[in-house]
Amino acid sequence: MQGNVTIKTVAQETGLSLTTVSRVLNGTAEKYRISEATQAAVLAEAKKQGYIPNMAAKTLRLNKSRTIGLIVPTLNNPFFSLVASTVSKLLYAQGYVVLMSDCANDPEEERKLIKTFLTQNIEGILAIPVGGRKNYELLEKGGVPTVFIDRFFEESKIPYVATDHFDSAFKLMEHLVEHGHTLIACIQGDVQTISNQYRVKGYLEALKKHNIGYSYLKGGSFTTDEGYLETKILLKQSQKPTAIMALSDTILLGALKAIREEGMSIPEDISVVSIDNSSYLDFLSVPITSVSHPITEITQLAIKMLLDQMGASQASAPTNIVLEAKLIARKSVQYIP
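These remarks concern the structure in this document. Just so we're clear, the structure is a prediction, and the values are computed from it rather than from any experiment.

**A look at the overall build of the protein**
Next, step 1: Looking only at helices and strands, the protein features twelve helices and twelve strands.
Next, step 2: With respect to the principal axes defined by its C-alpha atoms, the protein has extents near 80 × 40 × 30 Å.
Next, step 3: By residue count, 49% of the 337 residues in the protein fall in the buried class.
Next, step 4: About 16800 Å² of surface is accessible on the protein, with carbon and sulfur atoms providing 51% of the total.
Next, step 5: When the 34 positive and 34 negative side-chain charges of the protein are each reduced to one mean point, those points stand 7 Å apart.

In structure tokens form, the structure reads like this:
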């Protein structure tokens, strides 16, 4: 159809009143007991005509922006990119617009973004924290409904949905020990993040459980460069490990480059495992054993938790959710008799 398609257009084509069509398209059909048949007819005609709701008018009418803020550490990390993509897709399907901000792993930039969000008519915020809890103090006071994804602060009032980071690392360590490894090096990420801290605890707890004397823990960021540099240094040590655990797939990529440059083969010369289970791990020359985080479930739960907060008439106690990670065993671990 030529020209702008409005509610009036849909009403004329279906023979229904403007009020009925408006209530269906605004999502209030159930409230006014409009039949499912009528709803289906209106929605089908709206789709046929290419009707696009006027969100500006709807915002003014409801005094709601239908906008959610999303803060991620960096989109260069495939894990964070997938979280951002999933959040945007799921919220868009529910009629929300997502304002996504990459703070470049900079706590000061993160603080600026939070302040910017607070000056806008944003209904809620989803965040993967970068800096310390101080950056989120304003949000803790209840200014804007907020939910953390993947990372969190233990004493914060802001609820979170995350994977069991301790168990992620512990499972990988158990897998390596079961394959005879006792010289296991760990390359960590950002030391101030709770996800890294719990993964390191998993590594150290496994060493303690199995009375393993060898311990090698280095690194300071979840980047490919960090994985490369730390692995280059590691492989020059007089006592080389038989296995490397990278605490993220971005670290892993750098480690793989260093291993290749040293002329070593996986798993014949050294075994490698990682956390995150990015989709490309299956397509490497040697598929890498990893731990899979249920990203879709995490984002679905975080969104539900946020929308529940936004719709609550009064604040309720935060409910934190921790999901189990799954070990995906592939071909990157050699058995040592």
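Here the narrative resumes.
**Description of unusual backbone geometry**
Next, step 1: Cis geometry marks the peptide bond from Ile 266 to Pro 267, where omega comes out at 5 degrees.
Next, step 2: Secondary-structure assignment places Pro 267 in the loop between helix H11 (249-261) and strand E9 (271-276).
Next, step 3: Not every positive phi belongs to a glycine, and Asp 150 is a case in point at roughly 75 degrees.
Next, step 4: Its location among the elements puts Asp 150 in the loop between strand E4 (146-149) and strand E5 (160-163).
Next, step 5: Judged by relative accessible area, which is 3%, Asp 150 ranks as buried.
Next, step 6: The backbone phi angle of Asn 277 is positive, close to 55 degrees, even though this residue is not glycine.
Next, step 7: Inspection of the secondary structure assignment puts Asn 277 in the loop between E9 and strand E10 (289-292).
Next, step 8: Asn 277 gets classed as buried once you look at its relative accessible area, which sits at 18%.

**Things to note about the sheet that holds strand E12 (residues 326-328)**
Next, step 1: With respect to topology, six strands assemble into an open sheet ordered E7-E6-E8-E9-E10-E12, the strand pairing being mixed. Pairing within the sheet leaves two strands with one partner each, and these edge strands are strand E7 (216-218) and E12. When strand polarity is set aside, the average angle formed by the axes of neighbouring strands in this sheet is 20 degrees.
Next, step 2: Bridging between E10 and E12 involves three bridges; their strand directions are antiparallel.

**Focus: the pairing of strand E8 (residues 243-246)**
Across a regular strand the side chains alternate sides, sitting on one face of the sheet and then on the other.
Next, step 1: Burial of E8 is two-sided: the residues Ala 243 and Met 245 facing one way and the residues Ile 244 and Ala 246 facing the other way are all buried.
Next, step 2: By the bridge criterion, four bridges tie strand E6 (residues 184-187) to E8 in an arrangement that is parallel. Across the sheet, Ile 184 pairs through a bridge with Ala 243, a residue of E8.
Next, step 3: Note: E8 against E9, four bridges, orientation parallel. Note on E9: the bridge partner recorded for Ala 246 is Ser 274.
Next, step 4: Handedness of the crossover joining E8 and E9 through H11: right-handed.

What counts as what
- Residues numbered from 1 in each chain as written.
- Predicted model: local features only at pLDDT ≥ 70, side-chain atom pairs only at ≥ 80, totals over all residues.
- Heavy atoms only, no water.
- Helix = DSSP H or I, 4+ residues; strand = E, 2+ residues; numbered from the N terminus.
- Buried < 20%, exposed > 50% of the residue type's maximum accessible area, 1.4 Å probe, protein only.
- Areas by Shrake-Rupley, 256 points an atom, 1.4 Å probe, with all protein chains shown as cover.
- Lys, Arg positive; Asp, Glu negative; His and termini not counted.
- Charge placed at Lys NZ, Arg CZ, Asp CG, Glu CD.
- Pairing = 2+ DSSP bridges.
- Axes fitted to C-alpha atoms, helices over the stretch in contact; angles between N-to-C directions.
- Right-handed = clockwise from strand over helix to strand, strands pointing away.

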